[in-house]
Amino acid sequence: MPRHPQNSPQHGPRPDADAPHASQRPSPLTAAPSPNSARSADPVLRLVELTRVHGSGATEVQALRGINLDLFPGELVAVMGPSGSGKSTLLTIAGGLDKPTSGSVIVEGTDITTTDRKSLAALRRRSIGYVFQDYNLIPALTAAENIALPRELDGISARKARAEALAALEEIGLTPLADRFPDEMSGGQQQRVALARALVGDRRLVLADEPTGALDSETGEAVLALLRSRCDAGAAGVLVTHEPRFAAWADRVVFLRDGSVVDQTLRSSADSLLTGQAADL
Ligand SMILES: Nc1ncnc2c1ncn2[C@@H]1O[C@H](COP(=O)(O)OP(=O)(O)OP(=O)(O)O)[C@@H](O)[C@H]1O
């Protein structure tokens, strides 16, 4: 079972109406790292002095300014910050979907900023699961086919890939939807299928860009529970979110502003987030 911030010994309760006052409970965001986050292990993801400049001349935007971040097995890190602070830019570069202007992105020991396109594509399929806010399922493929596709591209037999996809659907409670097309599913169902696609094949790095954006709160919690559960099983996850209650599932929260990390899980920040006082986030 995933550790829920409400019932985990390491995570304090969410800010429900009947919850104790923030000062009386441990903050989930400042709690000790997860037992799975083996700090002695090599990081799954390393961002080293990452910068990204979009455009040039008068339209130039410095989206990232020297970001450093290590993410270890078992860790789920939430990235928060105001609109335009660089969250999506950070995630797309970490996932190999965009290149930094300078700096390194090291995924399981490989610098993906210097690998050739073919190797990068293979590494992304093998090691990186990416969850988009708008699901990005292929409309012409069923749920099971969407999940199986990256595995088949990776050389797994169609039969094995389908078996894995069905197992993934069972894990997320969507077995009856295996043969449905995306337009025959609700937004929440599509997002869970997208998450299953990101997780299938034991990818060690899961990057999720506001995966709960279009979902009701109950479905959003279910998606977060899945992500948390995969991190508890040893993956490393990055979650971009505007929602403090979803960030409460994370081991650490990184706050971005104007392309720089301005804060990381300070108790005061975490508590004010959980009590809804961070008005500018
Ligand atoms: N392709 C692009 N071309 C030019 N500027 C860009 C591009 N992508 C992002 N930017 C700019 O880079 C900065 C960071 O954008 P980014 O989308 O990473 O922020 P964000 O924190 O994810 O914002 P939001 O919360 O609104 O999604 C912003 O000023 C944005 O306008």
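Everything below is about the structure shown above.
Residues numbered from 1 in each chain as written. Predicted model: local features only at pLDDT ≥ 70, side-chain atom pairs only at ≥ 80, totals over all residues. Heavy atoms only, no water.

Student: How should I be thinking about the site of the ligand in this particular structure?
Tutor: In the neighbourhood of the ligand, the contacting residues comprise H54, V61, A63, P82, S83, G84, S85, G86, K87, S88, T89 and H242. Interatomic distance of 3.0 Å between a backbone N/O atom of G86 and an oxygen atom of the ligand. Between the ligand and the protein, one listed contact pairs an oxygen atom with a side-chain N or O atom of K87 at 2.7 Å. The protein chains hide 58% of the 630 Å² of surface that the ligand would expose on its own. At the level of elements, β2 (61-71) and α1 (87-94) are the ones that each hand at least two residues to the shell around the ligand. (Near = heavy atom within 4 Å. Polar contact = N/O pair within 3.5 Å; in protein donor to acceptor, adjacent residues only side chain to side chain. Areas by Shrake-Rupley, 256 points an atom, 1.4 Å probe, with all protein chains shown as cover. Helix = DSSP H or I, 4+ residues; strand = E, 2+ residues; numbered from the N terminus.)

Student: Help me out: how do you make sense of the environment of L226 in this one?
Tutor: Tracing the sequence through the fold places L226 in helix α6 (residues 217-232). The exposure class assigned to L226 is buried, which follows from its relative accessible area of 10%. When the C-alpha atoms of L226 and A94 are compared, they prove to be 21 Å apart, with 132 residues separating the residues in sequence. Setting aside chain neighbours within four positions, we find L226 in contact with I172, R192, L195 and L199. (Buried < 20%, exposed > 50% of the residue type's maximum accessible area, 1.4 Å probe, protein only. Contact = heavy atoms within 4.5 Å.)

Student: Which parts of the structure should I look at to understand the sheet that holds strand β5 (residues 110-111)?
Tutor: Note: strands within a sheet are paired through backbone hydrogen bonds, in either parallel or antiparallel orientation. Here four strands make up an open sheet; going across it, the order is β2-β1-β4-β5 and the pairing antiparallel. Only two strands of the sheet have a single partner each, and these edge strands are β2 and β5. As judged from the five bridges shared by strand β1 (residues 45-54) and strand β4 (residues 102-107), these two strands associate in the antiparallel manner. Paired with L47 across the two strands is V105, which belongs to β4. Against the sheet, α1 touches β1, β2 and β4, its axis set at about 125° to β1. (Pairing = 2+ DSSP bridges. Axes fitted to C-alpha atoms, helices over the stretch in contact; angles between N-to-C directions.)

Student: Even after reading the chapter, I still don't get the packing of aromatic side chains, so can you show me in this structure?
Tutor: When we look at a pair of aromatic rings, we describe it by the centre distance and by the angle of the planes. For the structure shown, the criterion picks out one aromatic pair. On the numbers, 4.6 Å between centres and 40° between planes, the contact of Y130 with F132 is tilted. Given a relative accessible area of 24%, F132 falls into the partly exposed group. Positioned above the aromatic ring of F246 is the side chain of R245, whose terminal nitrogen or guanidinium carbon lies 4.4 Å from the ring centre. (Phe/Tyr/Trp six-rings, centres within 6.5 Å; stacked < 30°, edge-to-face > 60°. Lys NZ or Arg CZ within 6 Å of the ring centre and 35° of its normal.)

Student: Quick question: what am I supposed to make of the nonpolar core here?
Tutor: The biggest cluster of nonpolar side chains holds 42 residues, and the ones touching the most others in it are L76, I147, L169, V193, L195 and L227. Apart from residues no more than four positions distant in its own chain, L195 is found in contact with V131, V223, L226 and L227. The next biggest cluster of nonpolar side chains, apart from the first, holds 28 residues, and it includes V44, A94, V105 and L120. (Core = buried A, V, L, I, M, F, W, Y, C linked by side-chain atoms within 4.5 Å.)

In short, the description is geometric, and any link to function would need to be established separately.
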